[in-house]
Structures are given as C-alpha cells and as structure tokens.
Amino acid sequence: MIRFVSLRLLRALVTVLAVMTFSFVVLRMSGDPAEVLLGPDVPQNVIDAFRRQWGLDAPLWRQYLSYLGAIFQGDFGLSMRDRAPALDLVLERVPATLMLTVPALILKLGIGIPAGIFAALHRDSAIDRGVIFLAILGFTIPSFVMGLVLVLIFAVTLGVLPSGGFGTWQNAILPGITISIGGIGIIARFSRSAMIEVLGQPYIRTASAKGVKWHDVVRGHALPNAAIPIVTIAGFMVGSLIAGAVVVETIFSWPGIGRLLIVSVSNRDLAVVQCILLLIAAVMVTANLIVDLLYGWLDPRLRTGTAH
Amino acid sequence: MANLVEIRDLRVAFDGVAVLHGIGLEVAPGEALGLVGESGCGKSVTWLAALGLLPSKASIDGSVRLQGQELCNAPRSRLERVRGGRIAMIFQDPASALNPVIRVGRQLCEALRLHRGLTGAAGRAEALRLMDMVGIPDARGRFGLYPHEFSGGQCQRLMIAMALAGEPELLIADEPTTALDATIQAQILDLLARLRAETGMAVVFISHDLGAVAQVCDRVCVMYAGRIVEQGSVAQLFGHPRHPYTRGLFDAIPRLYGPRGALVPISGTVPDPRHPPPGCAFAPRCAHAHGFCATQVPRLLPQRDGRHLACAFPLPERDPQRDYEDALT
Amino acid sequence: MSALIEAEDLVRVYATRQGLFGRAVPVRAVDGVSLRVARGETLGIVGESGSGKSTLGRMLLGVDPAQGGVVRFDGAPLPDKGTPAWRALRARLQMVYQDPLAALDRRLPIARQIREPLDIHARGDDAARRARVAELMQSVGLRADQAGRYPHELSGGQRQRVVIARALACAPELLVCDEPVSALDVSIQAQVVNLLRGLRGENGLAMVFISHDLKVVRNLCDRVAVMYLGRIVEEGPVERLFAAPRHPYTRALISSVPDPGQPLKGRIILQGEPPNPAKRPPGCAFYPRCPQASGICRAELPQMRATGQGCRAACHHLDGADPVPQAA
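Residues numbered from 1 in each chain as written. Chains lettered and ligands numbered in written order. Predicted model: local features only at pLDDT ≥ 70, side-chain atom pairs only at ≥ 80, totals over all residues.

- Chain B appears in an unreviewed UniProt entry as Oligopeptide transporter ATP-binding component from Paracoccus halophilus.
- Turning to chain B, the UniProt annotation filed under Sequence similarities (unreviewed entry) states: "Belongs to the ABC transporter superfamily." (UniProt positions renumbered as here; feature names shortened; annotations may be inferred.)

- If you look chain A up in an unreviewed UniProt entry, it shows as ABC transporter permease from Paracoccus halophilus.
- In its Subcellular location (unreviewed entry) section, the UniProt record describing chain A reads: "Cell membrane".
- Under Sequence similarities (unreviewed entry), UniProt gives the following word-for-word description of chain A: "Belongs to the binding-protein-dependent transport system permease family."

## Side note on the interface of chain B and chain A
Okay, step 1: Taken together, the contact between chain B and chain A spans 30 residues of the former and 24 residues of the latter.
Okay, step 2: Of all the elements in the fold, those that place two or more residues in the side of chain B that touches chain A are α2 (76-82), β6 (87-90), α3 (94-97), α4 (104-116) and α7 (152-164) of chain B. (Contact = placed C-beta atoms within 7 Å. Helix = DSSP H or I, 4+ residues; strand = E, 2+ residues; numbered from the N terminus.)

## Description of the domain arrangement of chain B
Residue and element names in this part refer to chain B.
Okay, step 1: What the domain assignment lists for chain B is domain 1 (5-217) and domain 2 (224-328).
Okay, step 2: Here the C-alpha centroids of domain 1 and domain 2 sit 29 Å apart.
Okay, step 3: With 15 residues of domain 1 in contact, the opposing surface of domain 2 contributes 13 residues.
Okay, step 4: No other element matches the seven residues that strand β2 (residues 17-27) contributes to the side of domain 1 that touches domain 2.
Okay, step 5: When grouped by side-chain class, the residues that make up the side of domain 1 that touches domain 2 number ten nonpolar, four polar and one charged. (Domains from an automatic or database assignment. Nonpolar A, V, L, I, M, F, W, Y, C, P; charged D, E, K, R; others polar.)

## So, the interface of chain B and chain C
Okay, step 1: At the interface, 39 residues of chain B touch 35 residues of chain C.
Okay, step 2: Elements represented by at least two residues in the side of chain B that touches chain C include exactly α8 (182-199), α9 (210-216) and α11 (244-252) of chain B.
Okay, step 3: For the side of chain B that touches chain C, the leading source of residues is α8 of chain B, giving nine residues.
Okay, step 4: In terms of residue class, the side of chain B that touches chain C is built from 21 nonpolar, twelve polar and six charged.

Right, here's the structure in full:
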C-alpha cells in the first residue's frame, strides 16, 4: 500500500515537473514580454534594462534553473505588470472561479449520473433517445456558443438575468449553467454506457435468477460495478475545477483564474501564467491520484491478489 | 406422477428472428433431464425464456407451467418468487456469474434472506453449512472473500450453494462444467449427482457434451435449430440414436477407447436463423433427406419404442433378432 | 529417427503481481521440460489450465524466450526472437491458435491473408502465389468463391480453416496448434480434426497439438505428453499411454473424461484443485491431490523413468502400482 501510494506520488510529481518545464520553454519562445509590456516606441536601452532587471538576458537554461530553485523555496516570482507576488495574484482569484466550478461540478454529477443510469435502464425507449439527444447536444455545442445563446435568451430577450459581471448570485447562474451543460452531457453518456455494459454481465443474470427484485438488482448489484468507470470520468471533471472556466469567465467577464490567465498570456506576464499552469496541473494530478485510490476501494480485484 | 414443469409450444424470437419454434417438454419431480445440442440450438434460451430472464427485446409465446402456475410472460413479482426459490439456475462461466465487488458470503446470504427469511447469525450459519456441503474448504475463513479469490471450480461450487439456498424443486444447470478443467468437471458432475440424490430436486442439465449428460441424466432431449428432434431415455438415445442428427453427433466425437480412425463429421454448418430452410432444418446436412424433408417440417412424434422423434426418415428401430445375433458373435 | 525439434530442460519464469499493491511473485510456468518431435510425427501435449502447455508451445517457436534450457530446430539452437534469422525461420515453424477470429485481420479478405506469408517470405512470382493460395484453400476445404469473403462472413470452423491454410502457406516443417478445435461445436470440430489428420506426416510435417481434450489428442497424435504444473509427468505412444496410464494424475485425467455410455460411478475423482503455480509445493507437485502420496513425494521431485513400451513417467510409486488397464 505504501509502495503503491509513493509510486503514484512520484509519478504525480514528474507530471507536474513536466508541465512546469513545458510551459516555461513555450512561454519564452513565443514572444518577448519586454516589447509587449513596454510598448513599441521604447528606446533600446530601456528594453535592455528591463530584460536585465527580470533576468531575461541570461541563457534559457540558467533562467530555468533559477526558476526551479525559486519554486522549491516557495517563491513563484513577481508579476511583471503589478510587481506583486504571482502566487498572491493567482490565489486571490481562486474563490471566484470555485464559485462557478463547484456548483457546476455538483450539477454535472447530480444530473449527469442519474440521467445516464435512467436512460440505460430504459434502453431504446423514447426517454433513452431523448437523453442521448440532449447529451450529444450538450457536449457538441461549444461553450462560447452556448454562453452567447443563453445571454441572448435570458439577458437580452427576457431580461431576467444579468449578461455578465460579478457580485450577486444572479450573476453566477448563466456562466454556471454554461459550464455544466457540456459536462452533464458527457457524464450522462458515459454513465449510460457503463450501466448498459454492467447490465449485460452474467452476474446480473445470476442475481435475477436467484430471485432478487429488479430494483435491488440495479441498486445492489449493478450500481457498485458501474461506479468503477464512472469514477474515472468524475475524477476528470474534478480535475477541471480550476481550468474548466477559462472561456466562460471571459464571456461573462467573471474575475476568476481563467480571465487572469487570458490577460496574463496576452501580456506575457510569465510568472503569473506559469503559476496558473502549475496550479492547474497540481489539481489535475491530485484528482487522478484520488481516482486511483478510489479504484482500489471500489474494486476488490485490484485490492487483493488471487489467493487460490 | 404429475409433472413439475410443463412447457407447451414455447416460441422465442429476437427482433423478429425466431430462435425457438415451439418447444414442448415436461420435467417430473426429482427427474434429471438432459438438453443437448450445439451452440445456438436454443437449449439455454428455452429455460431463460421460461424464467423470464431474456432481455426485453425477446418476444416469447406459449406456456410454461410450474405445477399449474403459468410462468410464461407472468408478472415480474410472480417470477421473482419462483426464481431461486422453486427453480434455481446456474450458468456456464462461474467466474463471471458471481458479482465481482460483493463478498461471496453476502451473495449467499442474500439468497437465504430472499427465500428462507434467514438473516443475521442464522443466515450466516446456513450459508456456511451450504459452503461446506458443496465442498468449499475452510468455509468460515473464506466467507468474507471476493469471487476472484476463488478458482473457477470453487466459483461453480459457490453458484451451486447459492442455488441450493432456496431449496429449489428444480435446478437448471446451463453448461455448468464447460468452462472447467477435466478433473474439476468430474468433481462438479459428481457433486451435482450427489446433491440430487440428497435433496431429491429435479435437475435439467444443459450441455453440448453428450458424455457429461449421460453421466448425470435419466432422460435426454436433443435440440437442433430451435426444435427438439429426438427425446428418450439415456439408454435408448445413447445405445441407439435414431435421428440422423443425434447419430451424427455421436459419430463426430472421437473416442477414448477402440480404433482411432478418421471422424465422421456432419457436413455443412448450422442454418442461419434469419434464413431457415423451409423444411426440416437438418435436411441440408442430412444424408437421409428426401424430397419431403426439403418442404415439410417433421413433427415430434412418439415412437413404438417409447422415444419421440422428429424425422421423416429416421434410422431403423433396433432389430431384436439382430441384437440377439450380435450378442452371440 | 532424427529430431526435427528438440527441447532440453526448458524453464520459463513469469513475474506476476498479486493485486494492485502486491509484490511481483515469480511463477515457474514451465519448469524443466525436455521433449523431442521427429519429422512427420505428431506430439500431443495435454494438461489443465495452469499446466504451462500453452507457454511451452510458444517457447518451442521462440515466441516466448526461455530463461533456461535450449530449443534446437533441425539441429541448431533457435535464434533470438525478432532477429532476421528468427523471422526467416518462421516460414518453417507455424502456429495455430484457439480463437481464429482474433488471429485474422477483420479488414482483409481471406485470400489476401492466406497469401500474406508468401509475400513476406517472397515465395514465387505473383502467378505462383495465386496458384498456391487456390491450392491451399482447396486443401483445407474452402471453396474458391469464398476467396473474397471477410472473416466475419465465415463460420468458426471456416475461419479456423483459413488460419490453418495461412499457416501452411510456406510449407512449414512444424505446426504448433494451441487448442485449435476447442472453440468449435462438435460437428464442426470433427471437420477440422479430420483436416489436421490429413495433414499429418504430409511432406514430413510434424505437429505439436496442445489440447485439454484427451479424446481429440488420442485420435490425432502419435505420442502424448501429460503436463502438470509446468512439468511433464508422463509421456509415451498415445494408444499405449491412454490404455495403461502409470502416473496417478494421468489416470485421474483419463478417468475424468466423460464418454457417452460410461457411467459416473467407478471414476477416479481427484480431491482439490491444481495448486497455484506461484505456490508450487516442494517435492512432487501432485502429492497434495494424489491418492498414493507418501513421505518421499513431499520431499523429493520424482525424475522421469522408463515404464516400458516407449513410455516414461515421473512418479515415486511406479513400482508398487500395477499398470491398471482402463476398461474398454
């Protein structure tokens, strides 16, 4: 058990390190922050001074090493724009994002799973086809289209909800729904196919053959097995708590991590972008770790070996 | 004696494709009946249909009576009382027939609670007794294990224990030994025969293995393409098969003793149920087929020697005079 | 007769992990197996699951590398897997598996698949390859008009014929068949068994026929080797060995085969199940289930000894036990 957990932890660390390295290199290859921040008409010596000040004149590998060294001391660097610690800027925005993504996650799981299972239990019925249709609609429409359509209906036409902004709970409704709809569709489809797969297994027939009532077959025999694959996709959704709102926050001008990311990328505010990407990677990796541990808990075949 | 189960003109179709074309058979209390045939002949479907265990896309017609109580298309609640209670069923692949995420002890106790109202310590004690009875070593220590911690043979023993939990009058064993190794098959066949003797329950033994059927059963039905083609006692059928298909099955099996010549296969393949031949389903593969066979479906009719046959040109009845001469030489 | 293929003291160890958190445990799937197959001879290998018979079959072809021992084909050790020499040798050594649908490519018509080995090993020109495919299809009993069919359009028996035709394409000298008829219905199984019977000894073709079905092995093979937990426990000419098995396991195995007309009573029914190969008992692996086991069986591994008429068995109690002929 300890061996297993430490192995997974190591793998998680390697993943995070890879993300850090990748974002570091790509960001520095894709444009010069000095030009972006200082504007086009600045004399060369100002640019040079700026680059020296931020250490951008050193060779890439030296920049990388000092970045890594700082990270391990808990120093995520300063924002080039605000001169404030990047970590503080990022953490300040986390609550706003979670205000959108946590309710959205609850909606995704709370509507998606029951809808998928209900469809599986009524396979090929009109209800089933309706669920599939809505699910496909949900995850094929891009969130920026969905968001604009919702704004058009509820803000522009009906005028019942604000089209953007932040502050009251009414502001959160449209972006929240926009984020969740695609996820509900994905989870519904996934739960449906997981459940259909399980319902076709011989042990379900065994349970029926021994006289278990149908709803107990579903609850006691099918659901615990269907839960195993559903946990994977749910874990993936948990992993997107931070990263899943980039587009929607921009559409609804919601002051969360996503909007900070967009602004910082266009400003080449290296420390902030790197800090956000690191946070996203850490959340993803943690979610995967939890899924792995849940697997062991849900599936006894992974917990113990063959003992005969 | 009144029959325990009577099946009359049972028909099953999947999405409009008929796979059972009117099966009639009866099971007497305590009897062991074998159901033999190749894959797709409908031997398993017959009993899954009888217990309402087929998927909902199957359309079922006919009558299945359990001592006068109609089961065919019966309401779910009636079927749920019968299943596992009066009629229990075990399946081919024991390892996947047990729920992988539930401890075996709990799976056993569930059956005991449903059909005998045993819960708590009483249920546990009875479950342990059943595990002992079917030959699970160290039942107490293994009560809380999961199915994957048992071998295939032990999983089948657990399935049998679960089937016995409801003290059924009839056990349907659907290819119970096919997925098991030879020495384990022998153990399971032995166990089934012993349990039948101890409990007096009837057994329907579904198998493609003529040898295994001969060991367990008194009476045998041979099925082909959704119909019973020959029915009789084990001695009759195995001593002198009369339907060309039954005969063909015997000739196709290599023997463990005697000469080792080339086998006599049945030519061709089983007909596609979507395009069944107009007459006898076996006619395209039959060496004895005449014009009649290509157009008319033969009915299953009683013969002088007590067996039932569905064939217009069966192999001749055994000649007592020739038997006598054979015995002399 | 000179051996076409000869295995000496083969050992194959797998590391299996027990569960998600477990440590890797070494399993000796094949544990010191020696055998030889002459040109034109058919050797049957029987045993239950976990006996190592399939692993042994793959080792004979060099698909599974041996951790110990050596396989000699035509006098020379098998080259390592993946080397050009090994690939060239594949034309002379072929394998047929249990599941023909998995062995065939769903997207290619069967004639193309039968032809593939001819293309790989560059045998003849286009016309010669066409002619060879037609000849092969005919010899395994496939109709010429089925050439353009896809695997899913054929029955199980026909698919297995395609696999056999493909294996025969380059006129191999050795065919290793792993349960080739087990997935087939009785009436179809007989067709394929007869096909294999016809191939035996044809142009010196040798065959290793791995099966759990003793009846088919007896019908098809010249000699048979019985495996239990990675070791050969008895071997000999098939009729002799089946009529008078000397090893207690062989006796029980033969006795457990249900034969129509043979009653259940009087059969030897073994207690228990084969032990987990990862927890192989010391001494004779069969002793926990053996009705004749004594002290020596727990302590000492029995060696193969000649038991007469070309048979050999590995049991400490061969002398005490009478060779009980099985009732015919």
